[in-house]
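As a plain string of letters, each chain reads:
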Amino acid sequence: MTSSLSGPFCVVDRPGNTDASFNVTVQNPATVDIAWTPVNSADSERDGYYHVNLAHDYVKALDPGLTQMDYAVPCHVEQTGDVCNAFYDGAGVNFYAAGGGCPSIATLPDVIYHEYGHSVNDHTYRQAGMGFGMVNDALHEGMADVFSAVASELALAQTQCARLDGALGRLLEVAAPADREAVLRELHVVDLLNQQIAAVAGFVGRLGDGAPAALIEVGPALQSITLGEVAERIGQGVGQACASPAGASEDIDFF
Ligand SMILES: [Zn+2]
């Protein structure tokens, strides 16, 4: 049985090197868990595949009608010839290998979202009838940053919510009866947070429609709870600090 980091919305390539590959011989019938590890793939390959797919899910949740993003976006990682940079080439996203004080750029999710945002810009314009896509470079960069910022906040918050939900569910299974109510309360909070994230995502998606009703509908929900409050309570409850997500801390210009 073989597998690779290639699917309907992303195909990862590591130019000049062996691409990520999973191989195992099994007897039929068999159930196989495909484990992607540093032995069969580079960090940048796994991160590239995961976050390009996350970005695709995110943009489709906002705009299901954007069918032009339903293609296997080429994701080239560990590129040579430059460092500390990334670019969109009109079809795929490209990320340079580690060097010059920078990590392998495809291991930085917000940079992946930025470059994917360029593809969203182009394909949104193309679907609307502009054959060359978005031609205003300043708008291209600005909207790619907007996509990166919003996708980072909402898509990842939703993912973390799902993980938190799963972790609390497992905690509930082993919690002493006296603690069950506290865990259930936090589960309820996570549910509310999930609803809030979905509401904000829906709201952002409707901004282009200029629907004033969306503002009225979402306003009260925003005041009810914040991610920070949940993080604080969970952190106190289990005595663990909430680590900041890793990301680019240096001021680097990405194209
Ligand atoms: Zn850019």
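Model, not experiment: these values are computed from the prediction.

Visitor: When you look at the overall build of the protein chain in this model, what are you seeing that I'm missing?
Guide: From N to C terminus, the protein chain includes 6 helices and 6 strands. The order of helices and strands in the protein chain, counted from the N terminus, is β-β-β-α-β-β-β-α-α-α-α-α. Among the 255 residues that make up the protein chain, the fraction classed as buried is 28%.

Visitor: Explain the confidence of the model for the protein chain to me, please; I cannot follow it from the model alone.
Guide: Any region with low pLDDT has predicted coordinates that should not be read closely. In this model, the protein chain carries a mean pLDDT of 82, and residues with pLDDT of at least 70 account for 78%. Between residues 213-219, whose pLDDT stays under 50, and residues either more than four places distant or in other chains, the model counts 5 contacts.

Visitor: In this structure, what is going on with the pairing of strand E2 (residues 10-13)? I would like to understand it.
Guide: Sheet faces and side chains relate simply in a regular strand, where the side chains alternate between the two faces. Residues of E2 alternate between two faces, with Cys10 and Val12 on one and Val11 and Asp13 on the opposite face, all of them buried. One ladder, built from 4 bridges, connects E2 with strand E4 (residues 73-79); its direction is parallel. Residue Val11 lies in a different strand from E4, and its bridge partner there is Pro74.

Visitor: Sorry, what's going on with the sheet that holds strand E5 (residues 86-88) here?
Guide: Strand pairing in a sheet takes place through backbone hydrogen bonds and is either antiparallel or parallel in direction. A sheet is described by the order of its strands in space; here 4 strands give the open sequence E2-E4-E6-E5, paired in mixed fashion. Strands at the two margins of the open sheet, each flanked by one partner only, are E2 and E5. Adjacent strand axes in the sheet meet at a mean angle of 15° when their direction is disregarded. Packing of helix H1 (residues 43-62) onto the sheet brings it into contact with E2, E4 and strand E6 (93-96), and relative to E4 it is tilted by some 150°. The sheet strands contacting helix H2 (residues 109-127) are E4, E5 and E6, and the helix crosses E5 at an angle near 20°.

Visitor: How do you make sense of the nonpolar core when you look at a structure like this?
Guide: The tendency in soluble globular proteins is for nonpolar side chains to be buried side by side. Ranked by size, the top nonpolar core spans 39 residues in total, and within it Val12, Val52, Ala55, Cys75, Val93 and Ile112 carry the most contacts. There are two domains that each give this core at least three residues, and those are domain 1 (2-135) and domain 2 (157-238). Dropping the residues within four chain positions of it, Ile112 is found in contact with Gly48, His51, Val52, Ala55, Val93 and Ala106.

Visitor: What exactly am I supposed to notice about the environment of Thr107 here?
Guide: Secondary-structure assignment places Thr107 in the loop between E6 and H2. The buried category is assigned to Thr107, around which 23 C-beta atoms lie within 10 Å. Separated by 65 residues in the primary sequence, Thr107 and Ala42 place their C-alpha atoms 9.8 Å from one another. Discounting chain neighbours no more than four positions away, the residues touching Thr107 are Asp43, Ser44 and Asp47.

Visitor: Any chance you could explain unusual backbone geometry here in plain terms?
Guide: What you tend to see is this: most non-glycine residues have negative phi, and most peptide bonds are trans. Along the chain, Asn28 connects to Pro29 via a cis peptide bond; the corresponding omega equals 0°. By the element assignment, Pro29 lies in the loop between strand E3 (21-23) and H1. If you check the backbone angles, Glu78 has positive phi at about 55° while not being a glycine. Checked against the element boundaries, Glu78 lands in strand E4. The residue Cys84 is not glycine, and still its phi comes out positive at about 55°.

Visitor: Where do I start with the environment of Asn40 in this structure?
Guide: Residue position: Asn40 is located in the loop between E3 and H1. Sequence separation of Asn40 and Thr18 is 22 residues, and the distance between their C-alpha atoms is 9.6 Å.

Visitor: For this particular structure, what's the right way to read the environment of Leu168?
Guide: Relative to the elements of secondary structure, Leu168 occurs in helix H3 (residues 137-174). With 21 C-beta atoms counted inside 10 Å, the residue Leu168 sits in the buried group. Not counting residues within four places of it along the chain, the set of residues in contact with Leu168 comprises Val183, Glu186, Leu187 and Val190.

Visitor: I tried to follow H2 on my own but got confused; where do I start?
Guide: Since one α-helical turn is 3.6 residues long, residues separated by three or four positions face the same way. Between its first and last C-alpha atoms H2 spans 26 Å; for 19 residues at 1.5 Å apiece the expected length is 27 Å, and the two agree. Among the 19 residues that make up H2, 14 are buried, leaving the element largely enclosed by the rest of the structure. Within two residues after H2, Gly129 carries a phi angle of roughly 110°, on the positive side.

Quick notes on the rules
Residues numbered from 1 in each chain as written. Predicted model: local features only at pLDDT ≥ 70, side-chain atom pairs only at ≥ 80, totals over all residues. Helix = DSSP H or I, 4+ residues; strand = E, 2+ residues; numbered from the N terminus. Buried ≥ 20, exposed ≤ 12 C-beta atoms within 10 Å, placed from the backbone. pLDDT = per-residue confidence, 0-100. Contact = placed C-beta atoms within 7 Å. Pairing = 2+ DSSP bridges. Axes fitted to C-alpha atoms, helices over the stretch in contact; angles between N-to-C directions. Core = buried A, V, L, I, M, F, W, Y, C linked by C-beta atoms within 7 Å. Domains from an automatic or database assignment. Expected span 1.5 Å × (residues − 1).

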